[in-house]
Amino acid sequence: MRIAVCPGSFDPVTMGHLDIIERASKLFDKVIVLVSFNPSKKTTAAFSVKERMELISRVTKHLDNVLVDCNDGLLADYVRSTGASAIVKGLRAVSDFEYEFQMALANKHLCPDAETVFLTTSTENMYLSSSVVKEIASLGGDITGFVPPEILDDINERLFIES
Ligand code: PNS
């Protein structure tokens, strides 16, 4: 069985993430969407790990071979423990590349049996990120189309602070 791990902060999951997860689910027998800890993100998370997992589960319930998990340790250790053969990441722009390339090389060193597979983002999601979604929602902007419709209200309710 070919297992892939799709790691990220997912705070919250966006249409860009969902696109990558859906495409990975066609390429692999099983895809584990892994809510992971990114030490370089210093700002307080909008959603707890449990909430992020619940949001991802809701928007991926149509995908039979996708499951959701979390990990606060090294990604490479988690990948090894599951027997996954791939780490799937989405690449939006050249600006993502250097950071992702560095992580892919480090993960290859730590877990030589797994390959990092990059899927290029769909053009409509090129500018999309959880941070952009959070900023727009917090200022009362419309995030329809940026996040899956099932979780639109959850995000607006959490982030919009009326002034
Ligand atoms: O969505 P993000 O924040 O860009 O995802 C980055 C993430 C969480 C996948 C990355 O920070 C990660 O793998 N964290 C787990 C800790 C780890 O293994 N760090 C070393 C990476 S080489």
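Residues numbered from 1 in each chain as written. Predicted model: local features only at pLDDT ≥ 70, side-chain atom pairs only at ≥ 80, totals over all residues. Heavy atoms only, no water.

J.: Let's hear about the pairing of strand β3 (residues 66-71): which residues, and what values?
T.: Across six bridges, the pairing between strand β2 (residues 30-36) and β3 is parallel. The residue bridging V35 from the neighbouring strand is C70, located in β3. In this fold, β2 hands off to helix α2 (residues 49-59), which returns the chain to β3; that crossover is right-handed. (Pairing = 2+ DSSP bridges. Helix = DSSP H or I, 4+ residues; strand = E, 2+ residues; numbered from the N terminus. Right-handed = clockwise from strand over helix to strand, strands pointing away.)

J.: I'd like a description of the site of the ligand, backed by residues and values.
T.: What surrounds the ligand is a group of 15 residues, the closest being S9, F37, N38, K41 and L75. L75 is positioned such that a nitrogen or oxygen atom in its backbone is 2.8 Å from an oxygen atom of the ligand. Breaking the shell around the ligand down by element, the ones donating at least two residues are β1 (3-8) and α4 (94-110). Per-element tally for the shell around the ligand: the top contributor is α4, with four residues. Residues of the shell around the ligand, tallied by class, amount to seven nonpolar, six polar and two charged. (Near = heavy atom within 4 Å. Polar contact = N/O pair within 3.5 Å; in protein donor to acceptor, adjacent residues only side chain to side chain. Nonpolar A, V, L, I, M, F, W, Y, C, P; charged D, E, K, R; others polar.)

J.: Outline the packing of helix α5 (residues 130-138) against helix α6 (residues 152-159), supporting the account with residue identities and numerical values.
T.: The geometry of α5 relative to α6 is characterised by a closest axis approach of 8 Å and an angle of 65° between their N-to-C directions. The crossing of α5 and α6 is right-handed. Along the contact surface, α5 presents V133, K134, A137 and S138, while α6 presents I155, N156 and L159. Among the residues making up the contact of α5 with α6, the classes are represented as four nonpolar, two polar and one charged. (Axes fitted to C-alpha atoms, helices over the stretch in contact; angles between N-to-C directions. Left-handed = near helix turned anticlockwise from the far one by under 90°. Contact = heavy atoms within 4.5 Å.)

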